[in-house]
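Read off the chains here:
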Amino acid sequence: MRVAPLPPNEKDRISVLQKLNILDSEKEERFDRITRLAASICSCQFSTISFIDADRQWFKSDVNLGLNETPRSSSFCSHTILRNDIFIIPDTLNNEDFNNNPFVINAPFIRFYAGIKISIEGHHIGSLCVFDTKPGTLSDEQVRALKDLVTIVEDELNKDRALSTQLLGLRLQKKLEETQKLARVRDVLLEKVVSSFSLQPVLEEIVTAVEQEYVGQYCSILLLDGTRLLLGAGPSLPQFYNEAIHGVEIGVGQGSCGTTAFTGKRTVVDNVSTHPYWTDWASIAEKAGLAACWSEPIKSADGKVLGTFAIYHSTPTLPTAEELNRIEQFAHVASIAIERYHASELIWRQANLDELTMLPNRSVMQKHLKRALAAANSNGTLVAVMFIDLDNFKDINDTLGHSTGDDLLIACSKRIKSSIAQKDIVARLGGDEFIVILNDITQVSDIDTVANKLIEKISQGFQLQDEFVYTTASIGITVYPNDSNNVSSLLKNADQAMYGAKAIGKNKYHYYTKSMREQALKRVTLISDMRNAIKNEEFFVLYQPIYDLKTGKITKAEALIRWQHPTHGVVSPYDFIPLAEETGLINEISDWVFEQVCKNICYWRQHYLPELQVCINTSPMQYVDTENGIATWLEHLRKSEISPQAIVLEITERLLMSADHTVSDILAQFRAAGVQVALDDFGTGYSSISYLQKFTTDIIKIDKSFVHSINDSKINRTLCEIIIMLGKKLNLQVVAEGIETSEQNEILQALQCDFAQGYLFSKPIEPEELTALLRDSS
């Protein structure tokens, strides 16, 4: 057990404590009320108000403890007075300074402790603390409430100190009565503040309590909203007056409260009929019977103006010092109530609303949907769930920036909300995905009406910052009880239907069908089978030779993965590669392909063609994982005897569209090591040439869509010619993909294309077949 050291000002501290004449005094209800409230707010079994004397801790009030005093050496509170902020021990058994304290190992068996020092004249004389027999902690709201209660204790002690001097004369006695009255009102109000979770009733209580104690004056609280003041509470003021000041713009000369909110300083007007600040308000004040107005700013802990607390009189008058202190005290109580409400509101908002759009989040949406299904079941009506996904949102985000993307999401959320009835709900799931729930539907045509309205509104375009942005929406729709009767299934159905809308061309809506469920089941099964495919040796690699058009000889080959499914036969890469990327299996599959290629290329270069290169297709997902992604290939090449020139990385424009500095760095590392990079399907993207500026490549591969119609389309022939010329100007090798006829080959030879790949020369073949071709040509 560690004994707390003495404070550096111990002698003065003891002197201040003794002057209070509180040690060994009788119990008092005013302090007992505070400890009971502290124990209740903090959900603790014990609470005390105690003072640290020279060699003891003496208890002025306690809840459930039943002790008068304890030795100072074993006192927790002797440590608390050494601290300027709250002292919390979540679990004494885990704290070396306290785990063998007699009050931990014996009754009352303290496990959790929290205490705040009580200060008088700058000296820490004691503490208000709560403790319990089980570990715990305090929330920010509980800490704030505990600090407010300490303020009450200090005020009570200060009041007692004032009492001894106030007895000297009538003037001092009157001041004491005022202090007591003020403290009584404040104590009652603070109790209401810490026990209430709604702002409006608390503000009403503050105003009413002040008016009851101080007869002959009228109070109001106004809340600052931007640059305007809104009515918070003013029950004794005429309705017409409250309506007139509600929404007043703040500024110097805008009455007492408008001026106070603008300057952040107290404004005292003794006669509103003659004061220049009240020129525009004098007539309405006269009608309301108001002649004087003193306004105090309500400020947050960091000094920000939250509103105003005003006291009105029916006759012209100036405030006394006591009255100024009073209005300052009540403004402080109001600030506690407002800040506590704002903190609670923030917590609620974070738990229930999407931070960007302020729409309900997934959790709230699911609760609403559950209630909607129950109501529809009782009423015999329908519920429609719409899954909305913005088309091409990623392209907008990548091209115009995340700020514009966020603005688009906010604007879309507003249009969606304006397209549905008040009884319906729209929520944001995340990204560019929204859910709309249509309640109490009686006919399906009502769903079509809303869907068409959403499609039309979203497709109208948005003026965002300096850009006019167009987007469309794909909407999937499922209906209760037709498609399902539970929340989870309905959301899955709507998601599947949305992909159905995208499949038929986007900017459309699509209803859920049972076939979609079958497709989804097939997809899940395929993912499950794919996880075992490597272990079961179901994948295999084919190679399609690439020929030099000048020599007619094989110089390169492209590695192509295939999947021999045990029951479905050969599964196309177009079916399983997207699923592999989505599930994260692409890294493992690609690593397996790389290992197979390394084994084969090593043999082929050693025995047949030392300059042979093999192109390996890579996925954007491989460049995202910096630990287990494609960077590991480079390390493998460095450790092996394989020349880096043997491997060519094939990348797509899809990778470059989402590329950041990480992708650039990885590609640069490979090229620095001697590995070439090929840009696949060149010419199909809207900014292919711009990628050649940003990313250095070695090879461009003309997309087969241009090659297939090169002999029929003058445009495609010209495009191929331009790509070949561009390659030569940039010193890049050009490969034409998908050559199937002699005529296509002859045209590409005439255009001086470097390399050719396609069924005219060879289909993708087994490694053994490529070995035979290399043997025959060597």
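To start, this report covers the structure provided alongside it. (Residues numbered from 1 in each chain as written. Predicted model: local features only at pLDDT ≥ 70, side-chain atom pairs only at ≥ 80, totals over all residues. Heavy atoms only, no water.)

Considerations on the overall build of the chain
Quick reminder of the rule: Runs of E in the DSSP output that reach at least two residues are strands. Runs of H or I that reach at least four are helices, and both are numbered from the N terminus. Radius of gyration here is computed from C-alpha atoms only, and the compact-globule reference equals 2.2 Å multiplied by the residue count raised to the power 0.38. Throughout this description, buried means an accessible area under 20% of the type-specific maximum (1.4 Å probe, protein chains only), exposed means over 50%, and partly exposed covers the range between. Residue contacts are counted whenever heavy atoms from the two residues lie within 4.5 Å of one another. Reported accessibility uses the Shrake-Rupley method at a 1.4 Å probe radius. Residues are deemed covered only where the shown protein chains occlude them. Neither His nor the chain termini are counted; the positive set is Lys and Arg, and the negative set is Asp and Glu. For the purpose of locating charges, the reference atoms are NZ of Lys, CZ of Arg, CG of Asp and CD of Glu.
Check the secondary structure of the chain and you find 28 helices and 28 strands. The C-alpha atoms of the chain give a radius of gyration of 39 Å, which is well past the 28 Å a tight globule of 778 residues would have. Overall, the chain is about 120 × 70 × 60 Å in size when its C-alpha atoms are taken along their principal axes. Taken over 778 residues, the chain has a buried fraction of 51%. A fraction of 64% describes how many contacts in the chain between residues 6 or more apart in sequence connect residues 24 or more apart. Carbon and sulfur atoms provide 50% of the accessible area of the chain, an area that totals close to 37,000 Å². Positive and negative side-chain charges in the chain, numbering 76 and 100 respectively, have mean positions lying 2 Å apart.

Overview of the pairing of strand β20 (residues 539-548)
Selection rule: Pairing between two strands is assigned when DSSP locates at least 2 bridges connecting them.
Across the 10 residues that make up β20, a large majority, nine, are buried. What sits between β20 and strand β21 (residues 554-565) in their antiparallel hairpin is a turn of five residues, with Gly552 showing a positive phi close to 75 degrees. Two strands pair when backbone bridges link them, and β20 and strand β28 (residues 755-756) are joined in this way by two bridges, in the antiparallel orientation. Counted as the bridge partner of Tyr547 is Ala756 from β28.

Considerations on the side chain of Asp698
Rule in force here: Here a polar contact is recorded for every N or O atom pair within 3.5 Å, except that within protein the pair must consist of a potential hydrogen donor and a potential acceptor, and residues adjacent in sequence are included only if both atoms are side-chain atoms.
With respect to the helices and strands, the residue Asp698 is situated in the loop between α24 (688-694) and β26 (699-702). The class for Asp698 is buried, based on a relative accessible area of 16%. In terms of polar contacts, Asp698 uses its side chain to reach the backbone amide nitrogen of Val677, at 2.8 Å. Apart from the residues lying within four places of it in its own chain, the contact partners of Asp698 are Arg671, Val675, Gln676, Val677, Leu732 and Gln733.

As for the nonpolar core
Condition: Side-chain atoms within 4.5 Å link the members of a nonpolar core, which is a set of buried Ala, Val, Leu, Ile, Met, Phe, Trp, Tyr and Cys residues.
Core analysis: the biggest nonpolar cluster contains 71 residues, and Met530, Phe539, Tyr543 and Leu748 have the highest contact counts within it. At nine residues, the largest contribution of residues to this core is made by helix α19 (residues 586-607). Setting aside chain neighbours within four positions, we find Leu748 in contact with Leu549, Val707, Ile710, Ile724, Ala736, Ile739 and Cys753.

Some points on the sheet that holds strand β14 (residues 425-430)
Pairing between sheet strands relies on hydrogen bonds along the backbone, with the strands arranged either parallel or antiparallel. Where we set the bar: Fitted lines through C-alpha atoms give the axes, limited to the stretch in contact for helices. The angle between two N-to-C directions lies from 0 to 180 degrees.
Strand order in the open sheet formed by five strands is β14-β15-β13-β18-β19, and the pairing between neighbours is mixed. The sheet is open, and its two borders are formed by β14 and β19 (509-511), each paired with just one other strand. Neighbour-to-neighbour, the strand axes of this sheet turn through a mean angle of 20 degrees, independent of strand direction. As paired elements, β14 and strand β15 (residues 433-441) share five bridges and run antiparallel to each other. Counterpart to Arg428 in the pairing with β15 is Phe434. Helix α16 (residues 487-503) rests against β13 (382-391), β15, β18 (472-480) and β19 of the sheet, and its axis sits at about 140 degrees to β18.

Details of the pattern of salt bridges
In plain terms, the rule: Here, a salt bridge means any Lys or Arg side-chain nitrogen found within 4 Å of an Asp or Glu carboxyl oxygen.
Throughout the structure, instances matching the rule amount to 29 salt bridges. The closest approach of N and O atoms between Lys60 and Glu28, which form a salt bridge, is 2.9 Å. Residue Lys60 is found in strand β2 (residues 56-63), and its partner Glu28 is found in the loop between α1 (10-19) and α2 (29-41); the two are separated by 32 residues along the sequence. Residue Glu28 is classed as partly exposed on the basis of its relative accessible area of 25%. The residue Glu69 makes a salt bridge to Arg56 at a minimum N-O spacing of 2.6 Å. Note that Glu69 is positioned in strand β3 (residues 69-71) and Arg56 in strand β2, a separation of 13 residues in sequence. For Glu69, a relative accessible area of 41% puts it in the partly exposed group. Linked through salt bridges whose partners overlap, the residues forming this network are Glu28, Arg30, Lys60, Glu156 and Lys159.

Comments concerning the packing of aromatic side chains
Filter applied, for reference: The criterion for an aromatic pair is that two Phe, Tyr or Trp rings (for Trp, the six-membered ring) have centres within 6.5 Å, with stacked assigned to planes under 30 degrees apart, edge-to-face to planes over 60 apart and tilted to the rest. Sitting over a ring, as applied to charges here, requires NZ of Lys or CZ of Arg to be within 6 Å of the ring centre and within 35 degrees of the ring normal.
Taken as a whole, this structure holds 17 aromatic pairs when the rule is applied. Pairwise contacts between aromatic rings join Phe76, Phe87, Phe98 and Tyr113 into one cluster. Seen from the ring of Phe462, Arg415 lies directly overhead, with NZ or CZ sitting 3.7 Å from the centre. Of note, Lys556 hangs over the ring of Phe755, and the distance from its end group to the ring centre comes to 4.7 Å.

A short note on the sheet that holds strand β8 (residues 228-233)
If you trace the six strands from one edge of the open sheet to the other, you get β9-β8-β7-β12-β11-β10, paired in antiparallel fashion. In this open sheet, the two edge strands, each paired with only one partner strand, are β9 (248-249) and β10 (267-269). As judged from the two bridges shared by β8 and β9, these two strands associate in the antiparallel manner. By the bridge assignment for β9, Arg228 is matched with Glu249. Along the sheet face, helix α7 (residues 199-213) touches β7 (218-225), β8 and β12 (305-313) and points at about 150 degrees away from the line of β7.

Overview of a nonpolar patch on the surface
Our working rule: Candidate patch residues must exceed 30% relative accessible area and have no salt bridge, after which like charges are joined if within 9 Å and Val, Leu, Ile, Met, Phe, Trp or Tyr side chains if within 5 Å.
On the surface, a nonpolar cluster with roughly 280 Å² of combined accessible area is contributed by Ile715, Leu719 and Ile722. Tracing the sequence through the fold places Ile722 in helix α26 (residues 714-729). Owing to a relative accessible area of 48%, Ile722 belongs among the partly exposed residues under this scheme.

Some thoughts on the environment of Ala557
Along the polypeptide, Ala557 turns up in strand β21. C-alpha of Ala557 to C-alpha of Ala673: the two residues are 116 residues apart in sequence and 21 Å apart in space. The contacts of Ala557, once residues within four sequence positions are left out, are Tyr543, Gln544, Pro545, Ile546, Gln613, Val614, Cys615 and Leu770.

Thoughts on unusual backbone geometry
The peptide bond linking Ala107 to Pro108 adopts the cis configuration, its omega dihedral lying at 10 degrees. Residue placement: Pro108 occurs in the loop between α4 (102-105) and β5 (112-120). The phi dihedral of Asn21 is positive, around 55 degrees, even though this residue is not glycine. Within the secondary structure, Asn21 is located in the loop between α1 and α2. Take Asn21: its relative accessible area is 66%, and that puts it in the exposed class. Unlike most non-glycine residues, Glu121 shows phi in positive territory, near 55 degrees. Inspection of the secondary structure puts Glu121 in the loop between β5 and β6 (123-132). Given a relative accessible area of 52%, Glu121 falls into the exposed group.

So, the environment of Leu390
Along the chain, Leu390 turns up in strand β13. C-alpha of Leu390 to C-alpha of Glu433: the two residues are 43 residues apart in sequence and 6.9 Å apart in space. Ignoring sequence-local partners within four residues, the contact set of Leu390 consists of Leu409, Cys412, Asp432, Phe434, Ile458, Thr471, Thr472, Ala473 and Lys502.

Observations concerning the packing of α19 against helix α28 (residues 767-777)
For clarity, the threshold we go by: Any angle from 65 to 115 degrees is called roughly perpendicular, while one under 35 is roughly parallel, one over 145 is roughly antiparallel, and all others are oblique. What makes a crossing left-handed is the near helix being turned counterclockwise from the far one by less than a right angle; a clockwise turn instead makes it right-handed.
Interhelical geometry of α19 versus α28 gives an angle of 15 degrees and a closest axis separation of 11 Å. Overall, the two elements α19 and α28 adopt an arrangement that is roughly parallel. Like other packed secondary-structure pairs, α19 and α28 cross with a definite hand, here right-handed. Residue-level contacts link Asn600, Tyr603 and Trp604 of α19 to Pro767, Leu770, Thr771 and Leu774 of α28.

As for the side chain of Glu558
With respect to the helices and strands, Glu558 occurs in strand β21. Taking the relative accessible area as the measure of exposure, Glu558 reaches 5% and is therefore buried. Reaching out from Glu558, the side chain makes a polar contact with the side chain of Asn617 at a distance of 3.0 Å. Only 3.1 Å separates the side chain of Glu558 from the side chain of Lys701, close enough to count as a polar contact. Beyond its immediate chain neighbours, meaning those up to four positions away, Glu558 contacts Leu542, Tyr543, Gln544, Ile546, Cys615, Asn617, Glu650, Lys701, Glu737 and Gln757.

Bear in mind that shape data such as this cannot, by itself, settle questions of function.
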